[in-house]
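Structural overview
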Amino acid sequence: MQHDVSPPVWLVGAGPGDPDLLTRKAERLIVQADIVFYDALVGPGVLALIPPHVERVSVGKRSGRHSKDQRSINDLLADAALAGRRVVRLKGGDPSIFGRSTEEIEHLAALGVATRICPGITAASAAAASGGASLTLRGLARKLTFVTAHARAGEPLDLDWNALAAPDATLAVYMGRAAAGEVSRRLIEAGRAPDTPVMVAVDVSLPTERILRGRLSALAFLVEAISDDDPSLLLIGEALAAPLPVAQLQALAAA
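What comes next is a walk through the structure. What you see is a predicted model; the values in this text were computed from it and never measured.

Some thoughts on the pattern of salt bridges
Tallied over the entire structure, the rule returns 10 salt bridges. We note a salt bridge from lysine 91 to glutamate 104, for which the minimum N-O separation is 3.2 Å. Highlighted residues: lysine 91 in strand β6 (residues 87-91) and glutamate 104 in helix α4 (residues 101-110), separated in sequence by 13 residues. The shortest N-O distance in the salt bridge between arginine 100 and glutamate 103 comes to 3.0 Å. Given the relative accessible area of 34%, glutamate 103 is considered partly exposed.

Considerations on helix α1 (residues 24-32)
Looking only at α1, the buried set comprises Ala26, Leu29 and Ile30. Here the buried residues of α1 occupy an arc of 100° about the axis, which is enough to place them on one side.

Some details on the nonpolar core
Membership of the largest hydrophobic core comes to 22 residues, with the highest contact counts inside it found for Val173, Val183, Leu187, Val200, Leu219 and Ile236. Elements with a contribution of two residues or more to this core: α6 (161-164), β9 (169-174), α7 (180-189), β10 (197-202), α8 (219-222) and β12 (232-236). When near neighbours in sequence (up to four residues on either side) are disregarded, isoleucine 236 contacts Ala169, Thr170, Leu171, Val173, Val183, Leu187, Arg192, Thr196, Pro197, Val198, Leu216 and Leu219. Of all hydrophobic cores here, the second largest spans 18 residues; its members include Val12, Ala26, Leu29 and Cys118.

As for the packing of helix α3 (residues 70-82) against α4
Relative to each other, α3 and α4 sit at 45°, their axes nearing to 10 Å. Between α3 and α4, the angle is such that the two are oblique. Handedness of the α3/α4 crossing: right-handed. Between α3, through Gln70, Ile73, Asn74, Asp75, Leu77 and Ala78, and α4, the contact on the second element is made entirely by Glu103, Glu104, His107 and Leu108. When grouped by side-chain class, the residues that make up the contact of α3 with α4 number 4 nonpolar, 3 polar and 3 charged.

Parameters and conventions
- Residues numbered from 1 in each chain as written.
- Predicted model: local features only at pLDDT ≥ 70, side-chain atom pairs only at ≥ 80, totals over all residues.
- Heavy atoms only, no water.
- Salt bridge = Lys/Arg side-chain N within 4 Å of Asp/Glu carboxyl O.
- Helix = DSSP H or I, 4+ residues; strand = E, 2+ residues; numbered from the N terminus.
- Buried < 20%, exposed > 50% of the residue type's maximum accessible area, 1.4 Å probe, protein only.
- Arc of directions from axis to C-beta.
- Core = buried A, V, L, I, M, F, W, Y, C linked by side-chain atoms within 4.5 Å.
- Contact = heavy atoms within 4.5 Å.
- Axes fitted to C-alpha atoms, helices over the stretch in contact; angles between N-to-C directions.
- Parallel < 35°, antiparallel > 145°, perpendicular 65-115°, else oblique.
- Left-handed = near helix turned anticlockwise from the far one by under 90°.
- Nonpolar A, V, L, I, M, F, W, Y, C, P; charged D, E, K, R; others polar.

Structure follows, in structure tokens:
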């Protein structure tokens, strides 16, 4: 049974970092909040939109360094909501893509607290835009798959490499910097062409953004200049090649 005094907790997508990429709804919810719990990957420009009178609480988890474990975050959200406060849980990118939203929703629901989701632009979309590329391409890239390369230390990535190596798919690998070498090796072993185009996006949409291009066989070398602390995304597939003339694209699609 839901508590009448408890407003819903809003899980709000903060996008990749640039505040101009927030939805209008996200900005409105941030401004109207009583308290904002935010992740480490939320851009400083987005945090600057939080009014001075609104309490802000960092609950960031990044590169294995957790300021709060998930259970503690769940409890903080519930305590604030049950106290009648308007709670915004600000998550980098989109809350429903590797954002652990389900754990928070289930915990709050068990206490009678409703949740709502405000979507945000995910890093893959923003990276493709910055790189002037499309994530899909008629005739060449019919599928788009999002995976996370996050795994416990010393454990291999438990992924369906044969499925991910399909030549007509674009693969977006979140948190992929540390696993770049394994991703490259396993995809090639599963049949993906070594010369498949790749794009490595760092600090997507921020002033420090970097876009690196190369081929799948050289992916491990591409990321060597990237710090472990830099949020990185790997995009892999034919759609990530340098833009071709329209006539050539039409010829490929018709083949």
